[in-house]
Amino acid sequence: VAVRPDGDQVCSADLTGQLYFWDPQDGTLEGTIEGRKDIMGGRRRDDAREARNATHSLAFTSLCYSADGKCILAGGNSKYVCIYHIQQRVLLKRFEITNNLSLDGILTYLNSKNMTEAGPLALIDDDDGGSGSDKEDFKDNSLPGAKRSDFSKRKTPLVARTKCVKFSPDGRQWAAASTEGLMIYSLDQNLYFDPQDLDMEVTPENAEILLEEKQYAKALVMALRLNEQKLLKKMAETVPMGEILSVVSSIPIHYIERILVLIGEGINSSPHLQFYLTWVQTILTIHGKSLEKNSMKMLSTLRSVHKALSTKYSSISSICQDNSYTLRYLTKQKVVQNVGSSVSMGSNKESKTKKVDQGGGEEQSSLEKNKNRKRKPQQNE
């Protein structure tokens, strides 16, 4: 039995593989999911029936709702764990928790060579009762200090099953406690720590020294090996625009996916849009063929980068469309100011020419008066 996080629905499972959804307020049945065929596991060694007709692996023993209450996780006495969509009543995905053939209940069909009239060979005691065989049976071959016995000598083999399943609070991970141990499945593909390429020289201090020496490619690769997000972001954003081409060309192809994840996060949070767009364009130009070949493996990363770019484009385009009339008005005002200044300059020139003309006329009139004055005394004489 499992209760939805908001408390408005209860899910129960029975021995026939059915999931029932109830309203806790009225006690009415809201719907059912047929999960018998989805959880159908393998055939055990002592089963007289086929796997599809077996009854031990056709029931869910553990249920868990997702955080939003839209999906439910179910596991049981089988090697499969199923996720269902509650409203649509469909199977979203079925996970196989193990392929270990040493466990019982993995194979769908048993080998007929191992079947006899007395039963499976693995379950028949071949002890002939001799004294030598008794000594061998009672002989202890375990290592000194070992607390566990040899599992290969078990009379009853372990059965593949899932005892408990749980969703994480954010809904991006879920865990299953199975025969193989604790298994965690996640939508996030980032590695938090990868010690494969580490050595004594790969340290944050050496990465800072390489960055000061302007060896950007080596500094970025060292940050990728350390896989520290702050250091990796610092190394990537310190690379000059002109050095991005040489840095991308020297980065190994297996690091490109992590660079794209960093770029997708940077486009959403950083104001340096042109810088990250240059990174994307350079990576697609240099490693485009390899990305196309491995597109299915890197599908989630490529989708995150595409989503970040489309979101940023829609936000910028909406801002430009809202301010288009303001931009037109400002540009027209600039043109009007330029025209007004040219007109004022032309009027100033005309006024200056008029003044010059007036000044020239006054000078001419004064010269004529002087000439007339000189002529008058001659006439009097």
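Our structure's up above, just so we're on the same page.
Just so we're clear, the structure is a prediction, and the values are computed from it rather than from any experiment. (Residues numbered from 1 in each chain as written. Predicted model: local features only at pLDDT ≥ 70, side-chain atom pairs only at ≥ 80, totals over all residues. Heavy atoms only, no water.)

Undergrad: Honestly, the overall build of the protein chain in this entry has me stumped. Any pointers?
TA: Across its full length, the protein chain holds 10 helices and 13 strands. Counting the 381 residues in the protein chain, one finds 30% classified as buried. In the protein chain, once contacts between residues fewer than 6 apart in sequence are set aside, the share between residues at least 24 apart is 50%. With an accessible surface of roughly 26,300 Å², the protein chain has 53% of that area assigned to carbon and sulfur atoms. (Helix = DSSP H or I, 4+ residues; strand = E, 2+ residues; numbered from the N terminus. Buried < 20%, exposed > 50% of the residue type's maximum accessible area, 1.4 Å probe, protein only. Contact = heavy atoms within 4.5 Å. Areas by Shrake-Rupley, 256 points an atom, 1.4 Å probe, with all protein chains shown as cover.)

Undergrad: Honestly, the sheet that holds strand 11 (residues 162-167) in this entry has me stumped. Any pointers?
TA: Picture the strands of a sheet paired through backbone hydrogen bonds; they go either parallel or antiparallel. The strand order 11-12-13 describes an open sheet built from 3 strands, whose pairing is antiparallel. Every other strand in the sheet has two partners, leaving strand 11 and strand 13 (181-186) as the edge strands with one partner each. Averaged over all pairs of adjacent strands, the angle between their axes in this sheet comes to 15°, without regard to strand direction. Across 5 bridges, the pairing between strand 11 and strand 12 (residues 173-178) is antiparallel. What sits directly across from Val-165, in strand 12, is Ala-176. (Pairing = 2+ DSSP bridges. Axes fitted to C-alpha atoms, helices over the stretch in contact; angles between N-to-C directions.)

Undergrad: Any chance you could explain the nonpolar core here in plain terms?
TA: A general feature of soluble globular proteins is that nonpolar side chains tend to end up buried together. If you look at the biggest cluster of nonpolar residues, it comprises 37 residues, and the most contacted ones within it are Leu-220, Met-235, Leu-260, Ile-263, Trp-279 and Ile-283. The set of elements that each furnish at least two residues to this core consists of helix 2 (204-212), helix 3 (216-226), helix 4 (229-238), helix 5 (244-250), helix 6 (256-269), helix 7 (273-286) and helix 9 (299-322). With 8 residues, helix 3 is the single largest residue contributor to this core. Apart from residues no more than four positions distant in its own chain, Met-235 is found in contact with Ala-207, Glu-208, Leu-211, Ala-219, Leu-220 and Ala-223. Ranked by size, the runner-up nonpolar core spans 14 residues in total, among them Phe-21, Phe-60, Cys-82 and Ile-86. (Core = buried A, V, L, I, M, F, W, Y, C linked by side-chain atoms within 4.5 Å.)

Undergrad: I would appreciate a short explanation of the packing of helix 6 against helix 9 in the present structure.
TA: Geometry of a packed helix pair, given as the angle between the helix axes and the separation of the axes. Axis separation between helix 6 and helix 9 bottoms out at 9 Å; the angle between their running directions is 20°. With respect to each other, helix 6 and helix 9 are oriented roughly parallel. For the pair helix 6 and helix 9, the sense of crossing is left-handed. From helix 6, Glu-257, Leu-260, Val-261, Gly-264, Ile-267 and Asn-268 reach across to helix 9, where they touch Thr-301, Leu-302, Val-305, Ala-308, Leu-309 and Lys-312. (Parallel < 35°, antiparallel > 145°, perpendicular 65-115°, else oblique. Left-handed = near helix turned anticlockwise from the far one by under 90°.)

Undergrad: Could you clarify how one ought to interpret helix 9 in this entry?
TA: Since the α-helix turns once every 3.6 residues, residues separated by three or four places project in the same direction. In a regular helix each residue adds 1.5 Å, so 24 residues correspond to 34 Å; helix 9 covers 34 Å between its end C-alpha atoms and thus fits that length. Among the residues of helix 9, Thr-301, Val-305 and Ala-308 are the ones counted as buried. Buried residues belonging to helix 9 abut helix 6 and helix 7. (Expected span 1.5 Å × (residues − 1).)

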